[in-house]
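Per-entry structural report
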Amino acid sequence: MTRFLAALVVALGLLAVSLPSQAQTLPEYENLYVNDYADMLSPEIQETLRRKLNYLREDIGTEMSILTVTDMASYGDRTDIADFATAVFNKWGIGKAERNDGLLLVISKNDRTFSIEVGSGYPPIYDDISEDIIQFYITPAFKDGDFDDGVLDGADKMISLIALPFNGGELSPERPKNPNDIADLIFWGMAIFFGGSVVAAVLGPKLSGFQFARKPCPQCGQKGMVRKTTTLQSATTSDTGLRETNITCPNCSYFNVTQFIIPRVSDTDDNNSSGSGGSSFGGGSSSGGGASGKW
């Protein structure tokens, strides 16, 4: 009996030691910018994101990364995406240690949940902005099964509404307005309705630069929105460029205009965007700030 009890105590002790280590299992990064372990993103979008985030890191000084996993269960016993994102953020050490200004977007495919994690240096207002980005830009695209657009739009908004304002010293920036707010679209919507939307409806996607958007109109719910993307300023080796996307609905007055930064053209982009060669994050940490969503 004594030997049995001793063996039982040893077994329980080993189990107690092994369980925490299993629970703490977390994914490693192979790339500083995009680790698409769930195969949710096209190669083209991954490359676009890597170039954007490389520009953000090298030229602006803010570290941001995107991670997709098949499910959280593969990495231990965590079931809360916010807790999972915080653990990954701190394990990787995203952001500069002296500023704690890192950003992370984590998506768990089979759990149908995702989280924006911000470094502990961001004031609480940026948690609210993270929630707005999730509600207005990422969730609608994910519900349509459009992960490429959802992640790209979300990353662009994380850069323009979180990284750049904070880097510029804004501690209490204004929260973004809902792009689907009809009240904000009345004036410009009427102009588009009597101008660009009518032209787009008649000529359709055969017009140079136009194509049908896959998502239904957020205002009337009808499909057939027309998207036109224009390069306003091409990127060079010394300056960033600017691209503008206009989306109009020929069935109602909805329209949306979004501008995106085109990263500088650099001979070393291919090397820098790989995140290899011993590169690592700056040792930043998060205290759980940000927001989470489901689709």
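The present account deals with the structure reproduced in this document. All figures in this text were calculated on a predicted structure; none of them were measured in a lab. Throughout this description, residue numbers start from 1 for each chain and increase along the sequence as written. Where local features are concerned, this predicted model is filtered to residues with pLDDT of at least 70; where side-chain atom pairs are given and counted, the filter is 80 or more; whole-chain, interface and lining totals use all residues. Side-chain descriptors were evaluated using all non-hydrogen atoms of the structure, hydrogens and water having been removed beforehand.

Description of the packing of helix H4 (residues 125-143) against helix H5 (residues 147-167)
Geometry of a packed helix pair, given as the angle between the helix axes and the separation of the axes. To define axes, lines are fitted to C-alpha atoms, for helices over the stretch in contact only, and angles between the resulting N-to-C directions are given on a 0 to 180 degree scale. Numbered from the N terminus, helices here are DSSP runs of H or I no shorter than four residues, and strands are runs of E no shorter than two. At a minimum axis distance of 8 Å, the contact between H4 and H5 shows a crossing angle of 160 degrees. When the axis of H4 is compared with that of H5, the two are roughly antiparallel. The two elements H4 and H5 meet at a crossing, and its hand is right-handed. Across the interface between the two elements, Tyr 126, Ile 129, Ser 130, Ile 133, Tyr 137, Ile 138, Ala 141 and Phe 142 from H4 touch Phe 147, Asp 149, Gly 150, Val 151, Asp 153, Gly 154, Lys 157, Met 158, Leu 161, Ile 162, Pro 165 and Phe 166 from H5. Throughout this entry, Asp, Glu, Lys and Arg are counted as charged residues, while Ala, Val, Leu, Ile, Met, Phe, Trp, Tyr, Cys and Pro are counted as nonpolar. The remaining residues, Gly among them, count as polar. Each residue belonging to the contact of H4 with H5 can be placed in one class, and the counts come to 14 nonpolar, three polar and three charged. Oblique is the label for any angle not under 35 degrees, not over 145, and not in the 65 to 115 range, which are roughly parallel, roughly antiparallel and roughly perpendicular in turn. For any helix crossing, the convention is left-handed if the near helix is rotated counterclockwise from the far helix by under a right angle, and right-handed if that rotation is clockwise. In what follows, a contact means two residues having at least one pair of non-hydrogen atoms within 4.5 Å.

Considerations on the packing of helix H2 (residues 43-60) against H5
At their nearest, the axes of H2 and H5 sit 10 Å apart, and the two run at 5 degrees to each other. Comparing their axes, H5 and H2 come out roughly parallel. The segment H2 lies against H5, with Ile 45, Thr 48, Leu 49, Lys 52, Leu 53, Leu 56 and Ile 60 engaging Asp 148, Val 151, Leu 152, Ala 155, Asp 156, Ile 159, Ala 163, Leu 164 and Asn 167. In terms of residue class, the contact of H2 with H5 is made up of 11 nonpolar, two polar and three charged.

Side note on the pairing of strand E4 (residues 113-118)
A 1.4 Å probe rolled over the protein chains alone gives each residue an accessible area, and that area as a share of the maximum for its type sets the label: buried under 20%, exposed over 50%, partly exposed in between. Among the six residues in E4, six count as buried, and that is most of the element. Side chains Thr 113, Ser 115 and Glu 117 of E4 all project onto a buried face; the interleaved residues Phe 114, Ile 116 and Val 118 project onto the opposite face, where all are buried too. Strands qualify as paired when DSSP identifies two bridges or more between them. Strand direction decides the pairing type here: strand E3 (residues 103-108) and E4, joined by six bridges, are antiparallel. Its bridge partner being in E4, Ser 108 is matched across the sheet by Thr 113. Counting the residues that bridge the hairpin from E3 to E4 gives four residues, and of these Arg 112 lies at a positive phi of roughly 55 degrees. As paired strands, E4 and strand E9 (residues 289-294) are joined by six bridges and run antiparallel to one another. Residue pairing in the sheet places Ser 115 in a bridge with Ser 292 of E9.

Quick notes on the environment of Pro 123
Of note, Pro 123 is situated in the loop between E4 and H4. Among residues more than four places away in sequence, those in contact with Pro 123 are Phe 166 and Leu 171.

Quick word on the packing of aromatic side chains
To pair, rings of Phe, Tyr and Trp, with the six-membered ring standing in for Trp, must have centres within 6.5 Å; the planes then decide the type, stacked if under 30 degrees apart, edge-to-face if over 60, and tilted in the middle. Under the criterion given, the structure shown has 13 aromatic pairs. Ring centres of Phe 142 and Trp 295 lie 5.1 Å apart, and the angle between their planes is 75 degrees; this geometry places the pair in the edge-to-face category. With a gap of 153 residues between them, Phe 142 in helix H4 and Trp 295 in the segment after E9 connect regions that are remote in the sequence. Taking the relative accessible area as the measure of exposure, Trp 295 reaches 11% and is therefore buried. Among the aromatic residues, those joined into a ring-pair cluster are Phe 114, Phe 142, Phe 147 and Trp 295.

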